[in-house]
Amino acid sequence: MQKRLHYLDILKFIAIFSVCFYHFSYIAVDLSQGFSCDVLLNRWLFTLNSICVPVFMMVNGALLLNRPLDIKKHYRNLAIFFAVYWVWRAVTFALLGSARGYDFSALGIGGFISHFVLMQDFGSPLLVDHFWFIIVYIRIQLILPLLHCLFSIKKEDFRISAAVAMTVLWV
């Protein structure tokens, strides 16, 4: 059994606290009355707590890249996760759409492909973009073997491998 890394637990705690504070500390701001202490405090807290997602990504990267990777098991688990996510997404899409009186026939084949194949929700009439973090998680898991390979090579070959990996990820 590996030794527990307490500093990662502390970072996760800070990230969880920041997410909660970010979502529940919104102060209704009326800028027509000018800037006040409430407005400045609200903006400062939002800015301070914007660290939550990058901290989660860094902690998960540290945990995922420091253990052995079984590619077959990894992609099998990812396929199961994606299937469950897709079903939940379809249920949410149907429930939100029917609750808001959305005309599904107006979606068309392009909208269907956009929502269910490409998972592009931003600006959609159903506002199902609350799944954004799951899409990010799936994409990170898809490239995890490449990242794992990159971080497990010798130090001398790191620059060349990093350049190749960034080129592959960019394209």
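Now for a look at the structure at hand. Bear in mind that the values here come from a model prediction, so they are computed numbers and not experimental data.

Another aspect to go through is the packing of helix H1 (residues 6-24) against helix H3 (residues 52-65). In contact at an axis separation of 8 Å, H1 and H3 are set at 150° when each is read in the N-to-C sense. Between H1 and H3, the angle falls in the class roughly antiparallel. Note that H1 runs across H3; the crossing there is left-handed. Contacts from Leu8, Leu11, Lys12, Ala15, Ile16, Ser18 and Val19 of H1 reach H3 at Cys52, Val55, Phe56, Val59, Ala62 and Leu63.

Time to look at the packing of aromatic side chains. Per the stated rule, a full pass over the model turns up four aromatic pairs. Measuring from centroid to centroid gives 5.7 Å for Phe17 and Phe21, while their planes differ by 20°, and the two rings are stacked. A residue pair is termed a helical-turn pair when its members lie 3 or 4 positions apart in one helix, as Phe17 and Phe21 do in helix H1 at four residues. In this structure an aromatic cluster arises from ring pairing among Phe13, Phe17 and Phe21.

Here the focus is the packing of H3 against helix H6 (residues 132-151). Where H3 meets H6, the axes come as close as 11 Å, and the angle between the chain directions of the two elements is 40°. Comparing their axes, H6 and H3 come out oblique. As for how H3 packs across H6, the hand of that crossing is right-handed. For the pair formed by H3 and H6, the contact residues are Val53, Met57, Leu64 and Leu65 on the first element and Trp132, Val136, Ile140, Gln141, Leu144, Leu147, His148 and Phe151 on the second. Tallied by class, residues from the contact of H3 with H6 come to 10 nonpolar, two polar and no charged.

Let us look at the pattern of salt bridges. Where side chains of opposite charge bring their charged atoms close, a pairing between them can arise. Per the counting criterion, the structure on display carries two salt bridges. Salt-bridge contacts for Arg4 lead to Asp9; the nearest nitrogen and oxygen are separated by 2.7 Å. Relative accessible area serves as the criterion here: at 54%, Arg4 is assigned to the exposed category. A relative accessible area of 23% means that Asp9 is categorised as partly exposed. Look at the salt bridges and you will find they share partners, linking Arg4, Asp9 and Lys12 into a network.

Calculation rules
Residues numbered from 1 in each chain as written. Predicted model: local features only at pLDDT ≥ 70, side-chain atom pairs only at ≥ 80, totals over all residues. Heavy atoms only, no water. Axes fitted to C-alpha atoms, helices over the stretch in contact; angles between N-to-C directions. Helix = DSSP H or I, 4+ residues; strand = E, 2+ residues; numbered from the N terminus. Parallel < 35°, antiparallel > 145°, perpendicular 65-115°, else oblique. Left-handed = near helix turned anticlockwise from the far one by under 90°. Contact = heavy atoms within 4.5 Å. Phe/Tyr/Trp six-rings, centres within 6.5 Å; stacked < 30°, edge-to-face > 60°. Nonpolar A, V, L, I, M, F, W, Y, C, P; charged D, E, K, R; others polar. Salt bridge = Lys/Arg side-chain N within 4 Å of Asp/Glu carboxyl O. Buried < 20%, exposed > 50% of the residue type's maximum accessible area, 1.4 Å probe, protein only.

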